[in-house]
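Here's the letter readout for the chains.
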Amino acid sequence: MKSLRRLLERGAEAGVFAGAVGLVRVRGRTVFRAAVGWAETEPGRRSMSLDTVFDLASLTKVLCTVPVVLRLCAQGVMELEAPLGRWLPAATHAPCGRVTVRETLAHTGGLAAWKALYLGARGREAVVEAVARLPLEGRPGERVGYSDPGVMLVGAAVEGATGKRLDVLFEEHVARPLRLQRTRFCPPAHWRKRCAATERGNGYERDLAGRAGADFPWREGGIVGEVHDGNAHYALEGVAAHAGLFSSAEEVARGMEAWLGYRRWIPEAYRTEALSDQRGGAEGAPRGLGWMLYHPAAFFAFLGPRSFGHTGFTGTSVAADPDRGLVVVLLTNRVHPQVREGIVEFRKAFHEMVLPSIE
């Protein structure tokens, strides 16, 4: 595995990220793990370690929100074909209220990719109302269009259906069954020394607010142990369906192995559904429920024709190949101390090297 480790080291040396943790498991056995570079470089340097906790960003969608929804569907609390408006009174008569849970998780609901909702919304009701005012950018089922606001609505619908906040549901439906102890929303203060730092403040979102004339108490120092995403942090107190989960590489791998069916967790019919193409004729790359599915341009395409995966803005990614029982976790802090380019190409290079390294 020296070639994989060396590739990680070169990524840090080239400035693609400050530090990284890579982990590869085959049928439940760890065949590669390495930590390189720095978990934090400002104001002082702190080395990356195998148990460093990362802001997973959009991996929250597939490691928290999708499994919570599927388990609730199995219990009869929710339905994939139901419109979001069933559980969201503020969106009942809005265009987004007629989009189904299935369409939203498959990113075929026609909702916007991203909006700075935190500029005018605080709290779950205000967020739902803000999304409800947005026009759809396409007809539901017409095309695949990745949407953070859509998944935020799913999170609000889950909370409306159960009367419980998403972090409580995550603990009940994911963390406890999978015995996760280093995976949670809103890490406590004493976890700070374990967490990989993200951006110095959040320049992009601060600039947006400046142009909009908004006045906020912006985070100016390095962000450590707080969710990087502005909508999750400012509008939703760190607990959101689209971002906010923190975890270590080892526990992320455990969650991925559960998706391979190694644990009785999500009922088999729902797990199979989530990993099946949900486009239904919509234009765009294949999508499951939350998951990116195999296509030639996918960063994990080298793993196999039934592979699936997901990425996170902070520099995180997961991928798996059911045929090999293979799980690949790559967690980086590529937004520290500022957003860096090159992670897209690096991910592909890393996953391309995995199979030659293990076979």
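In the block above lies the structure referred to throughout.
Residues numbered from 1 in each chain as written. Predicted model: local features only at pLDDT ≥ 70, side-chain atom pairs only at ≥ 80, totals over all residues. Heavy atoms only, no water.

Caption draft 1: Looking closely at the sheet that holds strand 5 (residues 184-185). Across the sheet, which stays open at both edges, the 3 strands sit in the order 4-6-5 with antiparallel pairing between neighbours. Looking at which strands have only one partner, the edges of the open sheet turn out to be strand 4 (54-55) and strand 5. Two strands pair when backbone bridges link them, and strand 5 and strand 6 (residues 245-247) are joined in this way by 2 bridges, in the antiparallel orientation. Along strand 6, the bridge assignment pairs Arg184 with Phe246. (Pairing = 2+ DSSP bridges. Helix = DSSP H or I, 4+ residues; strand = E, 2+ residues; numbered from the N terminus.)

Caption draft 2: Structural detail: helix 5 (residues 148-162). Helix length check: helix 5 (15 residues) gives 21 Å between terminal C-alpha atoms against 21 Å at 1.5 Å per residue, within 8%. When you tally the buried positions in helix 5, you get 12 out of 15 residues, the bulk of the element. Among the residues making up helix 5, those that are buried are Asp148, Pro149, Gly150, Val151, Met152, Leu153, Val154, Gly155, Ala156, Ala157, Val158 and Glu159. In the core, the buried residues of helix 5 are packed alongside helix 2 (59-74), helix 3 (101-105), helix 4 (124-132), helix 6 (166-178) and helix 8 (230-235). At the N-terminal end of helix 5, a side-chain oxygen is found 2.9 Å from the backbone nitrogen of Gly150, two or three residues along, and the residue is Ser147. The first or second residue beyond helix 5 is Gly163, which carries a positive phi of 75 degrees. (Expected span 1.5 Å × (residues − 1). Buried < 20%, exposed > 50% of the residue type's maximum accessible area, 1.4 Å probe, protein only. Contact = heavy atoms within 4.5 Å. Polar contact = N/O pair within 3.5 Å; in protein donor to acceptor, adjacent residues only side chain to side chain.)

Caption draft 3: Structural view of the packing of aromatic side chains. With the rule as written, the count across this model stands at 8 aromatic pairs. Ring centres 6.1 Å apart and planes at 85 degrees place the aromatic pair Phe170 and Phe185 in the edge-to-face group. Here Phe170, found in helix 6, pairs with Phe185, found in strand 5; they are 15 residues apart in sequence, far enough to count as distant. Of the residues examined, Phe170 reaches a relative accessible area of 2% and is grouped as buried. The exposure class of Phe185 is buried, given its relative accessible area of 4%. Seen from their ring centres, Phe299 and Phe300 are 4.9 Å apart, and the 90 degrees between their planes marks the pair as edge-to-face. Judged by relative accessible area, Phe299 falls into the buried class, the value being 6%. Judged by its relative accessible area of 0%, Phe300 is buried. Feature note: the residues Trp259, Trp265, Trp291 and Phe308 constitute an aromatic cluster, connected by ring pairs. Above the face of the Phe313 ring, Arg334 is positioned so that its terminal group lies 4.6 Å from the ring centre. In this structure, Arg347 packs its charged tip against the face of Phe299, placed 6.0 Å from the ring centre. (Phe/Tyr/Trp six-rings, centres within 6.5 Å; stacked < 30°, edge-to-face > 60°. Lys NZ or Arg CZ within 6 Å of the ring centre and 35° of its normal.)

Caption draft 4: Quick peek at the pairing of strand 9 (residues 316-321). Burial analysis of strand 9 places 6 of its 6 residues in the buried class, the great majority of the element. Burial along strand 9 is two-sided: the face carrying Thr316, Val318 and Ala320 and the face carrying Ser317, Ala319 and Asp321 are both buried. Relative to strand 9, strand 8 (residues 308-312) runs antiparallel, the two sharing 5 bridges. Each bridged residue has a counterpart across the sheet, and for Gly309 the counterpart in strand 9 is Ala319. The loop that links strand 8 with its antiparallel partner strand 9 comprises 3 residues; one of these, Gly315, has a positive phi angle of about 115 degrees.

Caption draft 5: Molecular detail of the packing of helix 4 against helix 5. Axis separation between helix 4 and helix 5 bottoms out at 10 Å; the angle between their running directions is 135 degrees. With respect to helix 5, the element helix 4 is oriented oblique. Remark: the crossing between helix 4 and helix 5 carries left-handed chirality. Here helix 4 contributes Arg124, Val127, Val128 and Val131 to the contact with helix 5, which in turn contributes Pro149, Met152, Leu153, Ala156 and Glu159. Taken together, the residues of the contact of helix 4 with helix 5 sort by class into 7 nonpolar, no polar and 2 charged. (Axes fitted to C-alpha atoms, helices over the stretch in contact; angles between N-to-C directions. Parallel < 35°, antiparallel > 145°, perpendicular 65-115°, else oblique. Left-handed = near helix turned anticlockwise from the far one by under 90°. Nonpolar A, V, L, I, M, F, W, Y, C, P; charged D, E, K, R; others polar.)

Caption draft 6: Quick peek at the side chain of Arg46. Tracing the sequence through the fold places Arg46 in strand 3 (residues 46-47). Judged by relative accessible area, Arg46 falls into the buried class, the value being 17%. Of note is the side chain of Arg46, whose polar atom sits 2.8 Å from the side chain of Glu40. Engagement of the side chain of Arg46 in a polar contact is seen with the backbone oxygen of Lys193, the distance being 2.9 Å.

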